[in-house]
Amino acid sequence: MMNRKKMKKLFYCSVLALVLLSCGNRRQSPEVLQQKIDSVRTLEALRELRRQGIDLKEKSPLQLFVDSLNIQSLPLRYSEDYVKYLPDFTVVPMAFVSFLELEGRSKPMAIALPEIDGKTMVLLAADLVDGEYELWLYSLDDDYYPIDKLMLYEPRKIASKKLQQSLPPQETYFSITSDGEIRVLEYASNEDAEGQLSTFVLNDSCQFVEQQPQ
């Protein structure tokens, strides 16, 4: 999916100050701001030890950012208010946009999920030109680099007048259970009463795999 060695080299050259901008325009509590400051100080202390010849594994800027995110409680279900207001989401620093495959997005946002069986997942909101957001679920490796992603929500697509008869609108809905079962329901048109339900789980390789109906 990505050249991780090249990614990691670029990340360690990123400006750490961008991590502190992850709160976007939203005012953060003193506790959250202190947590971010402590994270940066910890990284600087680790770098100083490395300069002294003590080789310790330091956190990457991406890991510091993910660790700073709010945690989305589970179970989670689609609601109009949730996809509209994205409560407790944090703006993604532009330095991370290309690594998260969010090119062309001007204000993507993110929130972390609780760890499930030791696996890390992040919910990413990718902004569209009309101000609405797609929702993607990302799985991360032990170094917090993306392994796989799954679209959970795509806003209703309204075709132009010329194409309205041949291109029906689509909308997807989703839910995530406390044990990590992901359900995605897609309606092909307004006349589609049942929709198509797909169920996914995260396997041992942190890939999203579809469960076959029993």
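Residues numbered from 1 in each chain as written. Predicted model: local features only at pLDDT ≥ 70, side-chain atom pairs only at ≥ 80, totals over all residues. Heavy atoms only, no water.

Caption draft 1: Structural context of the overall build of the protein chain. Along its length, the protein chain carries five helices and ten strands. Here the protein chain holds 214 residues, and the buried ones make up 43% of them. By element, 50% of the accessible surface of the protein chain is carried by carbon and sulfur atoms, the whole surface being about 12600 Å². (Helix = DSSP H or I, 4+ residues; strand = E, 2+ residues; numbered from the N terminus. Buried < 20%, exposed > 50% of the residue type's maximum accessible area, 1.4 Å probe, protein only. Areas by Shrake-Rupley, 256 points an atom, 1.4 Å probe, with all protein chains shown as cover.)

Caption draft 2: Up close: the packing of aromatic side chains. Evaluation of the coordinates by the stated rule reveals five aromatic pairs. Each ring, one from Y78 and one from F174, has its centre 6.3 Å from the other, and the planes form 80°; the classification is edge-to-face. Taken as a pair, Y78 in the loop between β1 (76-77) and α5 (80-85) and F174 in strand β7 (residues 171-176) lie far apart in primary sequence, 96 residues in all. Note on F174: relative accessible area 5%, which makes it buried. Taken together, the ring pairs connect Y78, Y153, Y173 and F174 into an aromatic cluster. It is K149 that lies over the ring of W136; its NZ or CZ is 4.8 Å from the centre. (Phe/Tyr/Trp six-rings, centres within 6.5 Å; stacked < 30°, edge-to-face > 60°. Lys NZ or Arg CZ within 6 Å of the ring centre and 35° of its normal.)

Caption draft 3: How the structure looks around the sheet that holds β7. Here we have five strands laid out as an open sheet, ordered β1-β7-β8-β9-β10, and antiparallel in their pairing. With one partner strand each, in any of the chains shown, β1 and β10 (208-211) form the two edges of the open sheet. In terms of strand pairing, strand β9 (residues 196-202) meets β10 through four bridges, oriented antiparallel. Counted as the bridge partner of T199 is Q211 from β10. (Pairing = 2+ DSSP bridges.)

Caption draft 4: Fine view of the sheet that holds strand β5 (residues 133-140). Strand order in the open sheet formed by five strands is β2-β3-β4-β5-β6, and the pairing between neighbours is antiparallel. What marks the edges here is a single partner per strand, and that holds for β2 (90-91) and β6 (146-153). In terms of strand pairing, β5 meets β6 through six bridges, oriented antiparallel. Note on β6: the bridge partner recorded for L137 is L150.

Caption draft 5: Summary view of the nonpolar core. Residues F89, L123, L135, L137, L152 and I182 are the most contacted members of the largest nonpolar core, which totals 27 residues. Of all the secondary-structure elements, those providing two or more residues to this core are α5, β3 (109-112), β4 (120-127), β5, β6, β7, β8 (182-187) and β9. Leave out the neighbours within four places in its chain, and L137 touches L113, M121, V122, L123, D148, K149, L150, L152, I176, I182 and F208. Formed by 19 residues, the second largest nonpolar core is a distinct cluster that contains L69, A126, W136 and Y144. (Core = buried A, V, L, I, M, F, W, Y, C linked by side-chain atoms within 4.5 Å. Contact = heavy atoms within 4.5 Å.)

Caption draft 6: Region of the structure containing helix α4 (residues 61-68). The element α4 is largely enclosed, with a buried count of seven among its eight residues. Residues P61, L62, Q63, L64, F65, V66 and S68 constitute the buried set of α4.

Caption draft 7: Representation of the pattern of salt bridges in the model. Applying the stated criterion across every chain, the model contains three salt bridges. Here K149 and E101 are joined by a salt bridge, their closest N and O atoms 3.0 Å apart. Here E101 lies in the loop between β2 and β3 and K149 lies in strand β6, a separation of 48 residues in the sequence. Notably, a salt bridge pairs R105 with E134, separated by 3.2 Å at the nearest N-O pair. With R105 in the loop between β2 and β3 and E134 in strand β5, this residue pair connects regions lying 29 residues apart in the sequence. (Salt bridge = Lys/Arg side-chain N within 4 Å of Asp/Glu carboxyl O.)

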